[in-house]
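Observations on chain architecture
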Amino acid sequence: TVVLQTDVTDIIRLERQEHRRLRDKQARMIRATLDHLNQGVCIFDENAQLVGWNQKLGALLSLPVQRLHLGARFGGILDHLDSDIVFTRGMDRKDFRAWAQSAGPRTPISFEVRRGDVMTLHIFGRAMPDRGFVISCTDVTAEREAAQKLYEMNEILEQRVMERTLELEDALSAAERANASKSRFVAAASHDLLQPLSAAKLFISSL
């Protein structure tokens, strides 16, 4: 019987260090990618615990830095949103919480919230294959303000068109009344002018 013993401690240590280095490098790349997005992004695991996020998320939702940390629960983050954040378009905090904590399949959700009177945010949530989910937050204030201004301009234009139509109808009615008055005047004048002629004809006939 031959027993061969080889010390592979250094090899295992190097492999572990390389694996850790690659894992740290991947984590840094993911963090850099998230931080360069123009959206706020947060990632939760199957237990609705925070595993990834970017700084833009805290800025858009006005969340304190200490609230965003590994393992933070979705419900706790939702509870600490400012009271001036108002859910709109058929979604409220209760529905959002129920979606995140659902044990069944999650369908994608999309809704908007207003942060005071200065900002409108579009929230989009989607489930991941590992039962986790990702949520993105986009500032759509400029788009909503542009849409509101366009709506107001359309309202003003329609009002002006209606006013102009009424003015034209009034002008047409006035023209019709003037034309009717002119016709009545011409008829009366013709009658008055024909009376002497008729009298003369009768006089001549009598003679």
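This text goes with the structure placed above it.
Residues numbered from 1 in each chain as written. Predicted model: local features only at pLDDT ≥ 70, side-chain atom pairs only at ≥ 80, totals over all residues. Heavy atoms only, no water.

**Remarks on the sheet that holds strand β5 (residues 119–127)**
Spatial ordering of the open sheet is given by β2-β1-β6-β5-β4-β3, a layout of six strands whose pairing is antiparallel. Each edge of the sheet is formed by a strand with only one pairing partner; in this case those strands are β2 (50–53) and β3 (85–88). Ignoring strand direction, the axes of neighbouring strands in this sheet form an average angle of 25°. Contacts between helix α5 (residues 141–206) and the sheet are confined to β4 (109–115), β5 and β6 (133–139), with β5 contributing the most and set at about 120° to the helix. (Pairing = 2+ DSSP bridges. Helix = DSSP H or I, 4+ residues; strand = E, 2+ residues; numbered from the N terminus. Axes fitted to C-alpha atoms, helices over the stretch in contact; angles between N-to-C directions. Contact = heavy atoms within 4.5 Å.)

**Looking at α5**
Between its first and last C-alpha atoms α5 spans 96 Å; for 66 residues at 1.5 Å apiece the expected length is 98 Å, and the two agree. Remark: the principal bend of α5, roughly 25°, maps to Leu 194, with a proline, Pro 196, within the next four residues. (Expected span 1.5 Å × (residues − 1). Bend = angle between axes of the 7 residues up to and from the residue.)

**Here's the deal with the pairing of β2**
With three bridges connecting them, strand β1 (residues 40–44) and β2 associate as antiparallel partners. Counted as the bridge partner of Cys 42 is Trp 53 from β2. Count of turn residues in the β1/β2 antiparallel hairpin: five residues, of which Ala 48 carries a positive phi of about 60°.

**Observations concerning the pattern of salt bridges**
Where charged atoms from two side chains of opposite charge approach closely, those side chains can pair. Enumeration over the complete set of coordinates arrives at three salt bridges. Asp 79 is the salt-bridge partner of Arg 97, the closest N and O atoms lying 2.5 Å from each other. Here the residue Arg 97 occupies a position in helix α4 (residues 93–100), and Asp 79 occupies one in helix α3 (residues 74–79), the gap between them amounting to 18 residues. For Arg 97, a relative accessible area of 26% translates into the label partly exposed. The salt bridge involving Arg 144 is made with Glu 112; its shortest N-O contact spans 2.3 Å. One end of the pair, Arg 144, is in helix α5; the other, Glu 112, is in strand β4, and 32 residues separate them in sequence. For Arg 144, a relative accessible area of 32% corresponds to the partly exposed category. Judged by its relative accessible area of 4%, Glu 112 is buried. (Salt bridge = Lys/Arg side-chain N within 4 Å of Asp/Glu carboxyl O. Buried < 20%, exposed > 50% of the residue type's maximum accessible area, 1.4 Å probe, protein only.)

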